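As a plain string of letters, each chain reads:
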Number of protein chains: 2
Amino acid sequence: MKDIIARLKENGVTLTPQRMAVTEFLSRSRNHPTVDEIHRNIQRRYPTMSVATVYSTLKLLKELGEIQELSIRKRGKACFDPNPGLHHHLLCRKCGKILDIDFNHPSNCPIMAKESIDGCKVEEVQAYLYGICPECLKKESDKKG
Amino acid sequence: MKDIIARLKENGVTLTPQRMAVTEFLSRSRNHPTVDEIHRNIQRRYPTMSVATVYSTLKLLKELGEIQELSIRKRGKACFDPNPGLHHHLLCRKCGKILDIDFNHPSNCPIMAKESIDGCKVEEVQAYLYGICPECLKKESDKKG
DNA sequence: ATCTATATTTATAATGATTATAAATTAAGA
DNA sequence: TCTTAATTTATAATCATTATAAATATAGAT
Ligand SMILES: [Mn+2]
Ligand SMILES: [Mn+2]
Ligand SMILES: [Zn+2]
Ligand SMILES: [Zn+2]
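Below is a short write-up of the structure. (Residues numbered from 1 in each chain as written. Chains lettered and ligands numbered in written order. Predicted model: local features only at pLDDT ≥ 70, side-chain atom pairs only at ≥ 80, totals over all residues. Heavy atoms only, no water.)

### Description of the relation of the copies chain A and chain B
Keep this limit in mind: C-alpha atoms of residues with pLDDT of at least 70 in both copies form the basis for the least-squares superposition of the copies. Should any heavy atoms of two residues lie within 4.5 Å, those residues are considered in contact.
After a rotation of 180 degrees and a shift along the axis of 0.0 Å, chain A superposes on chain B with an RMSD of 0.0 Å. Expressed as an axis order, the relation between the two copies is that of a two-fold axis. Distance from the rotation axis, computed per C-alpha, reaches its smallest value in chain A at Ala 127 of chain A: 2.1 Å. When the interface residues of chain A are mapped onto chain B, 100% of them again lie at the interface, so the same face is used by both copies.

### Description of the interface of chain A and chain B
Short version of the rule: Basic side-chain nitrogens of Lys or Arg form a salt bridge, by our definition, when they fall within 4 Å of a carboxyl oxygen of Asp or Glu. Throughout this description, a polar contact denotes any pair of N or O atoms lying within 3.5 Å of each other; where both atoms belong to protein, one of them has to be capable of donating a hydrogen while the other can accept it, and for residues adjacent in sequence the pair is counted only when both atoms sit in side chains. Helix numbers and strand numbers start at the N terminus; a helix is a DSSP run of H or I with at least 4 residues, a strand a run of E with at least 2.
Between chain A and chain B, the contact holds 37 residues from the first and 37 residues from the second. Counting across the chain A and chain B interface gives six salt bridges. Among the ionic pairs, Arg 93 of chain B bridges to Glu 124 of chain A, the shortest N-O distance being 2.6 Å. Counting every contact that joins chain A to chain B gives 16 residue pairs in polar contact (both at pLDDT 80 or more). Looking at the side of chain A that touches chain B, the elements that each hand over two or more residues are β3 (88-92), β4 (98-101), β6 (120-132) and α5 (134-144) of chain A.

### Notes on the packing of aromatic side chains
Here a ring pair, both rings aromatic, is described through the centre-centre distance and the interplanar angle of the planes. Our working definition: Aromatic rings from Phe, Tyr and Trp, taking only the six-membered ring of Trp, are treated as a pair when their centres fall within 6.5 Å; an angle between ring planes under 30 degrees marks them as stacked, one over 60 as edge-to-face, and anything in between as tilted. Geometrically, a lysine NZ or arginine CZ counts as sitting over a ring once it is within 6 Å of the ring centre and also within 35 degrees of the ring normal.
If you walk through the whole model with that rule in mind, you get one aromatic pair over all chains. The ring of Tyr 130 of chain A has Lys 74 of chain A lying over it, and the distance from NZ or CZ to the ring centre is 4.4 Å.

### Some points on unusual backbone geometry
Across residues other than glycine, the phi torsion is negative in most instances, and most of the peptide bonds are trans. Phi is positive for Asp 118 of chain A, close to 55 degrees, though the residue is something other than glycine. The topology assignment puts Asp 118 of chain A in the loop between β5 (116-117) and β6.

### Observations regarding the coordination of the zinc ion (ligand 4)
All names here are of chain B. Condition: Listed donors are limited to N, O and S atoms within 2.8 Å of the metal, widened to 3.2 Å for Na, K and Ca; water is not among them, so incomplete-looking sites are possible. The geometry test gives tetrahedral to four donors whose angles all lie between 85 and 135 degrees, gives square planar to four donors and octahedral to six donors whose opposite members are over 155 degrees apart with all other angles between 65 and 115, and gives irregular to the rest.
Around the zinc ion (ligand 4), the protein contributes the donor atoms Cys 92 (SG), Cys 95 (SG), Cys 133 (SG) and Cys 136 (SG), which lie 2.2 to 2.4 Å from the metal centre. Coordination geometry of the zinc ion (ligand 4): the four donor atoms subtend angles of 104 to 117 degrees at the metal centre, consistent with an arrangement described as tetrahedral. One chain supplies every donor for the zinc ion (ligand 4), spaced along it as C-x2-C-x37-C-x2-C.

### Quick look at the coordination of the zinc ion (ligand 3)
All names here are of chain A. Within the protein, the atoms that donate to the zinc ion (ligand 3) are Cys 92 (SG), Cys 95 (SG), Cys 133 (SG) and Cys 136 (SG), at distances of 2.2 to 2.4 Å. Geometry at the zinc ion (ligand 3) is tetrahedral, judged from the four donor atoms that bind it and their angles of 104 to 118 degrees at the metal. Going along the chain, you hit the donors of the zinc ion (ligand 3) in the pattern C-x2-C-x37-C-x2-C.

### A short note on the protein's contact with DNA strand C
The condition is simple: Nearness is defined per residue: one heavy atom within 4 Å of the molecule or strand is enough. Ten residue types, Ala, Val, Leu, Ile, Met, Phe, Trp, Tyr, Cys and Pro, are classed as nonpolar, four, Asp, Glu, Lys and Arg, as charged, and the remainder, Gly among them, as polar.
In the vicinity of DNA strand C, 15 residues are found, and the nearest of them are Tyr 55 of chain A together with Thr 16, Gln 18, Thr 53 and Arg 75 of chain B. Per the 4 Å cut-off to the protein, sugar and phosphate atoms form 84% of the nearby atoms of DNA strand C. Interatomic distance of 3.3 Å between a side-chain N/O atom of Thr 14 of chain B and a phosphate oxygen of DNA strand C. Of all the secondary-structure elements, those providing two or more residues to the surface near DNA strand C are α2 (17-28) and α4 (51-63) of chain B. Residue composition of the surface near DNA strand C, by class: five nonpolar, seven polar and three charged.

Here you go:
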């Protein structure tokens, strides 16, 4: 958190209260919030906060490599990940939660090698899995006995 | 092609000229066309073809597992893949082409194992890579000498 | 072949997340 | 404090997709 703020300053970013609020909210976040969720949460303490500013701040943070954007909800809202590092995600079809999928060794997953695949230069990877999360699987098996 | 038609019949699908046209166009396709591209191409021979029917036919083919939909162009148009089997894709940032990325052995890529990862039941996988295709890489290196 | 009920297609409007715009406000530096 | 540039805000525009309802086509029965 402190780090992000420091890096933003280094990059000459004006640290407005709105930008601080978005950055702070995201870095606290353990899930992958949407623009709406971010906006609503900040508005509770900062009623004049506009959704346009949330968009612009997220764009800024993304361009600086501090966060990443996920398009896992195909035509739905984008979600934002305070962790910009390469990892995969699973969208649970029962509860809608988005889980981090980490292959403990990047070497286990060839698309995490980045660099070059099939003669293509690979600059970004988004791997989206769709299925059912452990919690929902448990609920299902409990119901069935 | 003949196979798809046969399977559609088996599933009790009414084979209208419009549905035939979409199915035929897709199965001929070696790339990953958008709704627009499909519509425009069919309209040349079938001027009354509506875009709504392209949408509805694609939905049908997808539900029957004959094609798959890609959301690799994040907030842009969806593209459709006549090959419903699991494989990855790369979107070239220079030319916009979408390439198939095939790891020759599915065992090389753990997210192709499907079944279960990290206690999650995995039902679908979409791996989107972003970068530069071999053709565009060549053009770049040619320019530089 | 004709009729009828059902399914499909078509044109059109509605949706909804995101982006663009321009006026109002704020921040930074002189 | 004053001035200029950057940022925020409210609002409108965009655009792929989905919903709707009337028109048309299909399939099965007569
Ligand atoms: Mn994540
Ligand atoms: Mn493909
Ligand atoms: Zn779940
Ligand atoms: Zn290319």
